[in-house]
Amino acid sequence: MKVLDCTKCDIKSSAAKMLNVEELKILGNHCSEVNFKKGEIIFKQNALSSNIVYLKKGLVKIHIAGPSAEQIIKISKPPTYLGIPTTFDEKTNRYSATALEDTVVCFIGLDMFKQFIKGNPNFSYEIIVELCKSELDSFNNTVNRAQKKIPGRVADALLFFNREIYESKEFYIPLSRLEFGNFVDTSRESVSRILTEFHTDRIIQLDGRKIEILDEQRLEAFSKRG
DNA sequence: GCATTAACCACAG
DNA sequence: CTGTGGTTAATGC
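Each value, and the rule that gives it
- For every chain, the first residue of its written sequence is number 1, and the numbers climb from 1 along that sequence.
- The lettering of chains begins at A and the numbering of ligands begins at 1, in the order of writing.
- Local features in this predicted model are restricted to residues of pLDDT 70 or higher, and side-chain atom pairs are both shown and tallied only at a pLDDT of 80 or more, whereas totals for entire chains, interfaces and linings draw on every residue.
- As a rule here, side-chain values come from all non-hydrogen atoms in the structure, and water together with hydrogens is ignored.
- For helices, the fitted axis covers only the stretch in contact; all axes are lines through C-alpha atoms, and the angles between them, taken along N-to-C directions, range from 0 to 180 degrees.
- Numbered from the N terminus, helices here are DSSP runs of H or I no shorter than four residues, and strands are runs of E no shorter than two.
- The cut-offs work like this: below 35 degrees is roughly parallel, past 145 is roughly antiparallel, 65 to 115 is roughly perpendicular, and the gaps in between are oblique.
- Should the near helix be turned anticlockwise from the far one by less than a right angle, the crossing is termed left-handed; should it be turned clockwise, right-handed.
- Two residues qualify as a contact provided that any one of their heavy atoms is within 4.5 Å of a heavy atom in the partner residue.
- Throughout, the ten residues Ala, Val, Leu, Ile, Met, Phe, Trp, Tyr, Cys and Pro are labelled nonpolar, Asp, Glu, Lys and Arg are labelled charged, and all others, Gly among them, are labelled polar.
- Between the rings of Phe, Tyr and Trp (Trp by its six-membered ring), a pair exists once the centres lie within 6.5 Å; its type follows the angle of the planes, with under 30 degrees stacked, over 60 edge-to-face, and the other angles tilted.
- In this scheme, a residue with accessible area under 20% of its type's maximum is buried, one over 50% is exposed, and one in between is partly exposed, where area comes from a 1.4 Å probe on protein chains only.
- Should the NZ of a Lys or the CZ of an Arg lie within 6 Å of a ring centre and within 35 degrees of the ring normal, that charge is described as sitting over the ring.
- For the domains described, the bounds stem from an automatic or database domain assignment.
- A quick way to say it: buried area is the sum, across both parts, of accessible area lost when two parts are put together, with a 1.4 Å probe.
- The salt bridge definition used is simple: a Lys or Arg side-chain nitrogen within 4 Å of an Asp or Glu carboxyl oxygen.
- N or O atoms closer than or at 3.5 Å make up a polar contact, with two conditions inside protein: a donor-capable atom paired with an acceptor-capable one, and, for residues adjacent in sequence, both atoms drawn from side chains.

Visitor: Looking at this structure, how should I read the packing of helix 5 (residues 150-166) against helix 8 (residues 216-225)?
Guide: Helix-helix packing is described using two parameters, namely the angle between the two axes and the distance between the axes. Their axes nearest at 7 Å, the elements helix 5 and helix 8 cross at an angle of 130°. With respect to helix 8, the element helix 5 is oriented oblique. Where helix 5 crosses over helix 8, the handedness of that crossing is left-handed. Here P151, G152, A155, D156, L158, L159, N162 and R163 of helix 5 come into contact with helix 8, specifically with E216, L219, E220, F222 and S223. Partitioning the contact of helix 5 with helix 8 into residue classes produces six nonpolar, three polar and four charged.

This is how it looks when you write it as structure tokens:
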């Protein structure tokens, strides 16, 4: 296995920035970098999990196979950890992660990661900050998913891609209509309908998966109104 | 009762 | 895989 030099990594997590050179060398010795092509599974629900997974480049969906359908919990962009809640105290993964674009990931040895948590308060602090943000997002998502109607949820998703992921009014949805439905808790048909509605109302320009947001205010209105 | 919302089904690109 | 149309069930006014 190629030994990684984490001291030279310029895509460090905010936690890894708190490590000194010695610690970064240790990290490199317990870490392997892996490339995934679009569509490849990075780790799978119910499989044994023995690594912390750090997303370095690309885009990933976190999803769970529910009783009746697949549900996309969230879409993560780098830099972020993917497998903390599923790895720390659980033997198996409680969710899957799949690459939506060509993606680069670091698998980090769990034992060593725990040592950093216990030994370096600044490192731990940054990890906690990330976990807190993630939990807050999750709380908000729970409320939004339960209380907003479909147009509001679709608007939310479009604004999410616009602001959080691509930082551009123009982007390609990295999901099929079915996946989009799984992401906003609805059927692929409803997603299609709402998107074409937004298109005919000139709120967005729509061409397959290509989106251009024309009227952010009205999208925002749908999002707020629910 | 009537309108709205959204799911499910079927069929055509 | 995607878009559309018909049908149906639940909910609100």
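Visitor: Where do I start with the packing of aromatic side chains in this structure?
Guide: Two measures describe an aromatic ring pair: the distance that separates the ring centres and the angle between the ring planes. Overall, the coordinates contain 14 aromatic pairs when judged by the stated rule. Ring centres of Y54 and Y81 lie 5.0 Å apart, and the angle between their planes is 50°; this geometry places the pair in the tilted category. Residue Y54 is located in strand 3 (residues 51-57), and its partner Y81 is located in strand 6 (residues 80-81); the two are separated by 27 residues in the primary sequence. A relative accessible area of 4% means that Y54 is categorised as buried. Overall, the relative accessible area of 9% leaves Y81 in the buried class. Arranged with centres 6.1 Å apart and planes meeting at 50°, the rings of F160 and F183 form a pair that is tilted. Taken together, the residues span a long stretch of sequence, with F160 in helix 5 and F183 in helix 6 (residues 177-183) at a distance of 23 residues. Look at F183 and you get buried, because its relative accessible area is 12%. Taken together through their ring pairs, the aromatic side chains of F160, F161, Y166, F171, F180 and F183 make up a single cluster. The ring of F222 carries R225 above its face, with NZ or CZ at 5.0 Å from the centroid.

Visitor: How should I be thinking about the domain arrangement of chain A in this particular structure?
Guide: It is common to report an interface's size as the accessible area lost on association of the parts. The domain architecture assigned to chain A consists of domain 1 (6-144) and domain 2 (148-225). Here the C-alpha centre of domain 2 lies 27 Å away from the C-alpha centre of domain 1. At the junction of the two partners, domain 1 supplies twelve residues and domain 2 supplies 15 residues. Here domain 1 and domain 2 share an interface that buries about 1100 Å² over both sides, 55% of which is from carbon and sulfur atoms. For the domain 1 face of the interface with domain 2, the top three residues by lost area are I72, I75 and N144, together amounting to 48%. Our enumeration of links across domain 1 and domain 2 arrives at two salt bridges. We note a salt bridge from E167 to K77, for which the minimum N-O separation is 3.5 Å. Viewed at the interface, domain 2 and domain 1 are joined by seven residue pairs in polar contact (both at pLDDT 80 or more). Of the residues assigned to the side of domain 1 that touches domain 2, the class counts are five nonpolar, two polar and five charged.

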